[in-house]
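Fold and geometry: a report
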Amino acid sequence: MRVQSLTLVAASAALLAPTTFPGPPLPPRPGPQAQLGPGHRHEAPPVRAGRAGTRVGPVPPSEAGLVPPSGIRPGAGAGAGDGAKEARQQGPVRAADLLARVRDCDPVSRGRYRSDAGAPADIPVCGTRDAVYWKADLDVDCDGRPGDHCNSGTDPHFTPATAYTRSDGRPLDAERLPYVVVPEPSDIWDHRGSDVRGGSVAAVVHGDRVRYAVVGDVGPRDLIGEASYAAAESLGIPADPHGGGVASGVTYIVFKGSEVEPVEDEAAAGKAGERLARGFVDGE
């Protein structure tokens, strides 16, 4: 479980060479704090403290590093394939197929992340032409709209805000909406430079389960591996915000250039996620 105090980390001076996932940790170095890009934002968000340390709501975008708006990336057209490929396409994308696609790592982060404060910095963000991905733990993010399971009584670090908001400006509902958390932009990695934003589509894999989600919140700049109560519950992971989650074995795949609009449309995220995941595993 993540603790409230943070040990800041930063990036190494050069990009990591391609390696077999995850590889040994690299030494970090401090760097300037980056700002969040535009998206579904609160006008005056607070700085928040949570189980993952200091959490940052959206701030005015910087002039550099912004990504252009776009909708869901169109799927590739169906081409001729062999019998095995056609058989796979008859059903949902399997966890095994996604995990095989991300077996190796071509790092896009300049440094590596910790799973929890005080843990080794040994988690790179890896990338392909179409997606970025990382393998980590899952800490339960219960922030956002209060509910029966996510509130100040059940979560000692609860904050009624999320970095990205619903189309009506209200915080996301962690109990109902599967979403993942990306680290605050830093010298380690800036998700905006990888064409990832609030509402981007993600596939979260644990064991033999695949759950499609959206990017919905932003966490500490040196930690990675967090998803909403609803995401954890749908993956069969204990969703208790105070003592739930899982220490390892979760793979997060975020599809570049994708975006669910409105961000709270869970059905649209599932439909887009299945299509994007199919193209990803088939190399289309």
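The structure under discussion appears in the preceding block.
Residues numbered from 1 in each chain as written. Predicted model: local features only at pLDDT ≥ 70, side-chain atom pairs only at ≥ 80, totals over all residues. Heavy atoms only, no water.

1. Examining the layout of surface pockets
Reported here for the second largest pocket is a volume of approximately 160 Å³. Lining the second largest pocket are ten residues, with Val108, Arg110, Trp189, Asp190 and Gly193 positioned closest to its centre. (1 Å grid on protein atoms, 1.4 Å probe; cavity = no way out; pocket = protein on both sides within 12 Å on 5 of 7 lines; lining within 4 Å. Points joined across faces, edges and corners; volume = space filled by probe spheres on them.)

2. Details of helix α4 (residues 266-282)
Because an α-helix completes one turn every 3.6 residues, residues spaced three or four positions apart along the sequence face the same direction. In this model α4 runs 24 Å from its N-terminal to its C-terminal C-alpha over 17 residues, within 8% of the 24 Å that 1.5 Å per residue would give. If you check which residues of α4 are buried, you get Ala269, Ala272, Gly273, Leu276, Ala277, Arg278, Gly279, Phe280, Val281 and Asp282. Capping of α4 at its N-terminal end is provided by Asp265; its side-chain oxygen lies 3.3 Å from the backbone amide nitrogen of Ala267. Looking one or two residues past α4, Gly283 carries a phi angle of roughly 70 degrees, positive in sign. (Helix = DSSP H or I, 4+ residues; strand = E, 2+ residues; numbered from the N terminus. Expected span 1.5 Å × (residues − 1). Buried < 20%, exposed > 50% of the residue type's maximum accessible area, 1.4 Å probe, protein only. Polar contact = N/O pair within 3.5 Å; in protein donor to acceptor, adjacent residues only side chain to side chain.)

3. As for the state of the cysteines
Working definition: the covalent bond between the sulfur atoms of two cysteines is a disulfide. A full pass over the atoms with the stated rule returns two disulfides. Note on cysteine connectivity: Cys105 is disulfide-linked to Cys126, with sulfurs 2.0 Å apart. Handedness of the Cys105-Cys126 disulfide follows from its S-S torsion of about -95 degrees: it is left-handed. Here the residue Cys105 occupies a position in strand β4 (residues 104-105), and Cys126 occupies one in strand β5 (residues 126-127), the gap between them amounting to 21 residues. For Cys105, a relative accessible area of 2% gives the class buried. (Disulfide = S-S within 2.5 Å.)

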